[in-house]
Amino acid sequence: MIVTRFAPSPTGLLHLGSAYSALVGWRRARDAGGRFLLRIEDIDPTRCQPEHAEAILEDLAWLGIDWDGEVRRQSEYLGEYRAALDRLAGKGLLYPCFCTRSDIEAEIARSGHAPHGPEGPVYPGICRAIPASEREARIAAGEPHALRLDMAQAVALAGPLDWQDEEKGTIRATPEAFGDVVLARKETPTSYHLSVTLDDALQGVNLVTRGMDLFEATHIHRLLQALFDLPVPLYAHHRLLTGSDGRRYAKRDRSLTIAALREAGHSAAEVRAMVGMG
Ligand code: GLU
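Since we're looking at a predicted model, the values are computed, not measured.

Right, let's talk about the overall build of the protein chain for a bit. What the protein chain contains, in helices and strands, is 10 helices and 12 strands. Across its three principal directions, the C-alpha atoms of the protein chain cover 60 × 35 × 35 Å. Restricting to contacts in the protein chain with at least 6 residues of sequence separation, those with at least 24 account for 79%. Approximately 13,200 Å² of the protein chain is accessible, and the part contributed by carbon and sulfur atoms is 51%. A gap of 2 Å separates the mean positions of the 32 positive and 38 negative side-chain charges of the protein chain.

Sheet strands pair by backbone hydrogen bonding; their relative direction is either parallel or antiparallel. Read across the open sheet, the 3 strands follow the order β4-β7-β10; overall the sheet is antiparallel. Looking along the sheet, the strands with just one partner apiece sit at the ends: β4 (94–97) and β10 (182–184). Mean inter-strand twist for the sheet, computed between neighbouring axes without regard to direction, equals 45°. Alignment of β4 against strand β7 (residues 146–149), held across 4 bridges, turns out to be antiparallel. Bridged to Cys97 within β7 is Ala146.

It is worth spelling out the pattern of salt bridges at this point. With the rule as written, the count across this model stands at 20 salt bridges. Of the charged contacts in the structure, one is a salt bridge between Asp199 and Arg39, with a shortest N-O distance of 4.0 Å. Placement of the pair is Asp199 in helix α7 (residues 192–202) and Arg39 in strand β2 (residues 35–40), with a sequence separation of 160 residues. Considered together, Asp199 and Arg39 belong to a single accessibility category, that of buried residues. Residues Arg72 and Glu80 are paired through a salt bridge, measuring 3.0 Å at the closest nitrogen-oxygen approach. You can call Arg72 buried: its relative accessible area is 7%. For Glu80, a relative accessible area of 37% corresponds to the partly exposed category. Through salt bridges with shared partners, a single ionic network connects Arg5, Arg39, Glu41, Arg72, Glu80, Asp199 and Asp200.

Rules and cut-offs
- Residues numbered from 1 in each chain as written.
- Predicted model: local features only at pLDDT ≥ 70, side-chain atom pairs only at ≥ 80, totals over all residues.
- Heavy atoms only, no water.
- Helix = DSSP H or I, 4+ residues; strand = E, 2+ residues; numbered from the N terminus.
- Contact = heavy atoms within 4.5 Å.
- Areas by Shrake-Rupley, 256 points an atom, 1.4 Å probe, with all protein chains shown as cover.
- Lys, Arg positive; Asp, Glu negative; His and termini not counted.
- Charge placed at Lys NZ, Arg CZ, Asp CG, Glu CD.
- Pairing = 2+ DSSP bridges.
- Axes fitted to C-alpha atoms, helices over the stretch in contact; angles between N-to-C directions.
- Salt bridge = Lys/Arg side-chain N within 4 Å of Asp/Glu carboxyl O.
- Buried < 20%, exposed > 50% of the residue type's maximum accessible area, 1.4 Å probe, protein only.

Below you can see the structure in the form of structure tokens.
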């Protein structure tokens with residue numbers, strides 16, 4: 001049975017682009033008599049707001065989207081993500097990173113060579129070399145730190161990995177292009193990559209439908225699946241909708257939120273038709 005999901009981060013109101021994403025996953029599940037799950041990815045306390053989560057649920061229901069089971073709210077499961085991090089730490093695959101953004105920029109400028117990954121400049125490894133005793137002392141002193149994945153070691157441990165993209169076929173995972181990604185941020189004991197991978201497996205999602213903007217992230221998710229010994233879903237990355245100016249819909253486009261379209265008097269059927277899902 002197909003299990004899909006929609007997993008918004010409640011950093012703003014639902015807009016046409018994210019409504020399209022929700023409709024794609026919902027249709028795939030419903031057309032196949034499968035399950036459609038909803039997950040609120042609210043791990044970032046500085047950017048996510050409960051009222052946005054509630055508004056998103058209301059807009060989805062208004063659009064005619066229904067979901068199976070309870071909504072999973074990631075902020076309620078921080079302990080699970082911590083436990084998963086402990087497992088990676090037990091394999092020696094994590095290290096604390098005390099760097100600020102400006103430390104990283106300064107080091108990149110100093111070294112004069114800045115390999116670029118899919119998410120921007122690759123972390124230059126400053127904290128990878130800190131001796132264990134110093135790490136422990138700095139953590140004990142309460143110095144804020146993130147946790148980074150030691151990518152070279154993780155890739156060596158996992159070996160070659162593939163994943164299936166519905167449109168592009170078999171993809172060889174190349175997570176090394178990202179460098180030592182952050183798996184737990186300074187302000188929250190997890191990250192998008194960690195939570196999304198664990199939760200898709202935990203919820204039994206076997207078809208991940210999401211926007212092309214997250215295609216590259218799948219390389220990291222595939223590696224994490226291997227490290228945690230999780231099943232690998234099929235991926236279907238859909239096109240990103242653009243406005244008449246050719247730019248992607250984004251949360252800043254207030255007039256294109258579902259709430260604004262509702263207030264302007266459009267029906268749910270009209271809004272679904274606007275994104276080609278009439
Ligand atoms: N929470 C992510 C976002 O809103 C999407 C996660 C996913 O679909 O993998 O961009």
